[in-house]
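For reference, the chains in residue letters:
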Amino acid sequence: MRLRTRLQLLTAATAAASLGFMGLAATAHADVTDIPPAGANDWSCKPSSAHPEPVILVNGTFKTMAENWATLSPKLADDGYCVFAFNYGHAATDPIPDSAAELRDFVNAVLGSTGAKKADLVGHSQGGMMPRYYIKFLGGATKVDDLVGIVPSNHGTSNPLALAAGATVCPSCADQTTGSDLLKKLNADPETPTGPEYTQLATKHDEVVVPYTSSFLSGPADHVTNVLLQDKCPLDPTEHDQATKDPVVTQWVVNALGRKGPADPGFQPHCVG
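By convention here, each chain's residues receive numbers from 1 onward along its written sequence. In keeping with the predicted nature of the model, local features appear solely for residues at pLDDT of at least 70, side-chain atom pairs appear and are counted solely at 80 or more, and the whole-chain, interface and lining totals rest on all residues. Just so you know, side-chain values use all the structure's heavy atoms and leave hydrogens and water out.

1. Section: the confidence of the model for the protein
It should be kept in mind that the predicted coordinates are not to be read in detail where pLDDT is low. Per-residue confidence for the protein gives a mean pLDDT of 88; residues scoring 70 or more make up 86%. Looking at any residue, its pLDDT shows the predictor's confidence there, from 0 to 100. Contacts are assigned to residue pairs with any non-hydrogen atoms lying within 4.5 Å of each other. Within the model, pLDDT remains below 50 along residues 1-31, and this stretch shows 2 contacts once partners closer than five positions in the same chain are excluded.

2. Description of the pattern of salt bridges
The term salt bridge refers to a pairing of a side-chain nitrogen on Lys or Arg with a carboxyl oxygen on Asp or Glu at a separation within 4 Å. By the definition in use, this model includes 5 salt bridges. Lys-245 is the salt-bridge partner of Glu-67, the closest N and O atoms lying 2.8 Å from each other. Of this pair, Glu-67 sits in helix α2 (residues 65-68) while Lys-245 sits in the loop between α10 (229-232) and α11 (247-257), and the two are 178 residues apart along the sequence. Arg-104 is the salt-bridge partner of Asp-105, the closest N and O atoms lying 3.1 Å from each other. Using a 1.4 Å probe on the protein chains alone, a residue whose accessible area is under 20% of its type maximum counts as buried, one over 50% counts as exposed, and one in between counts as partly exposed. A relative accessible area of 45% means that Asp-105 is categorised as partly exposed. A run of DSSP states H or I qualifies as a helix once it reaches four residues; a run of E qualifies as a strand once it reaches two. Both are numbered from the N-terminal end.

3. Considering the packing of helix α5 (residues 96-114) against helix α6 (residues 126-137)
What describes two packed helices is the angle between their axes and the distance between those same axes. Where helices are involved, their axes are fitted lines through C-alpha atoms of the stretch in contact, as for all axes, and angles between N-to-C directions lie from 0 to 180°. At a minimum axis separation of 8 Å, α5 and α6 run at an interaxial angle of 80°. The orientation of α5 with respect to α6, classified from their angle, is roughly perpendicular. Contact residues: α5 offers Ile-96, Pro-97, Ser-99, Ala-100, Leu-103, Arg-104 and Val-107, while α6 offers Gln-126, Met-129, Met-130, Pro-131, Tyr-133 and Tyr-134. Any residue outside Ala, Val, Leu, Ile, Met, Phe, Trp, Tyr, Cys, Pro, Asp, Glu, Lys and Arg is labelled polar, Gly included; the first ten of those are nonpolar and the last four are charged. Each residue belonging to the contact of α5 with α6 can be placed in one class, and the counts come to 10 nonpolar, 2 polar and 1 charged. Note on terminology: angles under 35 degrees are roughly parallel, angles over 145 are roughly antiparallel, angles of 65 to 115 are roughly perpendicular, and the others are oblique.

4. Regarding the pairing of strand β5 (residues 197-202)
If a strand is regular, its side chains alternate between the two faces of the sheet. The buried count for β5 comes to 6 of 6 residues, which makes it a mostly enclosed element. The two faces of β5 match: Glu-197, Thr-199 and Leu-201 on one face and Tyr-198, Gln-200 and Ala-202 on the other face are all buried. In this structure, strand β4 (residues 144-150) lies alongside β5, joined through 5 bridges in parallel fashion. Each bridged residue has a counterpart across the sheet, and for Gly-149 the counterpart in β5 is Gln-200. For two strands to pair, DSSP has to find at least two bridges joining them.

5. Side note on the nonpolar core
Membership of the largest hydrophobic core comes to 32 residues, with the highest contact counts inside it found for Ile-56, Leu-103, Leu-121 and Tyr-134. For this core, the secondary-structure elements that each account for two or more residues are β1 (55-58), β2 (83-86), α5, β3 (119-124), α6, β4 and α9 (181-186). Looking at which element gives the most residues to this core, the answer is α5, with 7 residues. Excluding residues that lie within four positions of it along the chain, Tyr-134 makes contacts with Ala-100, Leu-103, Arg-104, Val-107, Leu-121, Gly-139, Gly-140, Lys-143 and Val-144. Ranked by size, the runner-up nonpolar core spans 27 residues in total, among them Ala-85, Leu-201, Leu-229 and Ala-256. In plain words, nonpolar cores are sets of buried Ala, Val, Leu, Ile, Met, Phe, Trp, Tyr and Cys residues tied together by side-chain atoms within 4.5 Å.

6. A short note on unusual backbone geometry
Note the cis peptide between Asp-189 and Pro-190, where omega equals 0°. Among the secondary structure elements, Pro-190 is positioned in the loop between α9 and β5. Note the cis peptide between Val-210 and Pro-211, where omega equals -5°. If you check the backbone angles, Ala-91 has positive phi at about 60° while not being a glycine. Considering the arrangement of structural elements, one finds Ala-91 in helix α4 (residues 89-92). At Val-151, a residue that is not glycine, the phi angle is positive and equals roughly 40°. When you line up the elements, Val-151 lands in the loop between β4 and α7 (160-166).

7. Examining α11
Every α-helix carries 3.6 residues per turn, so stepping three or four residues along brings you back to the same face. A large share of α11 lies buried, amounting to 8 of its 11 residues. Every buried residue of α11 is listed here: Val-248, Val-249, Thr-250, Trp-252, Val-253, Asn-255, Ala-256 and Leu-257.

8. A short note on the packing of aromatic side chains
Classification of ring pairs uses Phe, Tyr and Trp, with its six-membered ring standing for Trp, and accepts pairs whose centres are within 6.5 Å; under 30 degrees between planes counts as stacked, over 60 as edge-to-face, and the remaining range as tilted. Scanning the model with the defined rule gives 6 aromatic pairs in all. Geometrically, the ring pair formed by Trp-43 and Phe-84 is tilted, given 4.8 Å between the ring centres and 55° between the ring planes. With Trp-43 in the loop between α1 (3-33) and β1 and Phe-84 in strand β2, this pair connects stretches of sequence that are 41 residues apart. For Phe-84, a relative accessible area of 0% gives the class buried. Here the aromatic cluster, defined as three or more aromatic residues joined through ring pairs, consists of Trp-43, Phe-84, Phe-86, Tyr-88 and Phe-106.

Structure follows, in C-alpha cells:
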C-alpha cells in the first residue's frame with residue numbers, strides 16, 4: 001500500500017475515532033445537563049388544594065434548569081408546590097417559536113401527569129418572554145394561570161452582544177434584539193392576552209436586558225403587575241444573571257403564586273442586607 005494511501009486511511013480512522021469520542025462526550029454532557037434542580041420533576045406529585053397549579057420553571061438563554069433554579073426550585077417544593085423544569089432549544093438558543101412549541105408539549109405533559117387544569121410558569125430572561133409566544137399563538141392562554149417573568153426580555157435588548165450572538169450561534173438572541181420581527185409580532189396588541197395573570201420583575205442593575213424597562217408589560221392593573229426591585233428594596237444589588245437566586249425575587253415570586261391575580265404591587269418584601 002502506498003504511503004499516501006496509508007496516511008489517508010489513518011487520518012480517516014483517527015477522525016472517525018475522534019467523532020465517536022465526541023459523540024460519547026456529548027451524550028454524557030447531555031445526561032448531566034438533563035438533571036433537574038432539587039425539588040423538581042417528581043412526576044408522582046399531585047397538587048394540593050392550597051397550591052392547585054403545578055409550577056413550571058423556564059430557564060434563560062445559555063442556561064440549564066439545574067443551575068438556573070438551584071435556589072427557587074427547592075424553596076417552592078418545600079412550600080408544597082409540585083415543581084417541574086426542563087431544558088429546551090439547545091441551551092435555549094433555538095428560534096423562539098420552536099422553543100415555545102417545546103414548552104407547549106411540556107406543559108401538556110405536566111397537566112396530564114398532575115391532573116391539573118392549568119399551570120403556573122416562572123421564567124428567567126428568555127424564559128419569561130418565550131412563554132408569551134406559547135400563550136398568544138400556541139393555545140397557552142387557557143392553560144396558564146400565572147406567568148411570572150424574572151428580568152424577562154419582553155421588549156428585547158439594545159445590548160449589541162445579543163445581535164452579534166444572533167448572527168452566529170444563537171437565533172433566539174436575534175429574536176430578543178429590540179425591534180426584531182419576532183418581538184413586533186409578540187408585542188402587537190394585546191401584549192397580555194386574557195387568561196393568565198402577569199407579574200414582571202426587573203432590576204435597575206440589569207446589564208443584559210437594556211434598558212431594564214424592556215421587561216415591563218402593558219395591561220390593566222388587575223391583570224398585570226410590573227415590579228422594579230429597587231422601588232421596595234433600594235439597596236438590592238441584583239443583576240441579570242443571578243436574579244433567580246435573589247431572596248427578594250423569591251419573595252415576589254411566592255407572593256405572585258400564592259394569591260389570586262398577579263403579585264400585589266403593595267407587597268413589601270424583606271430587604272436583605
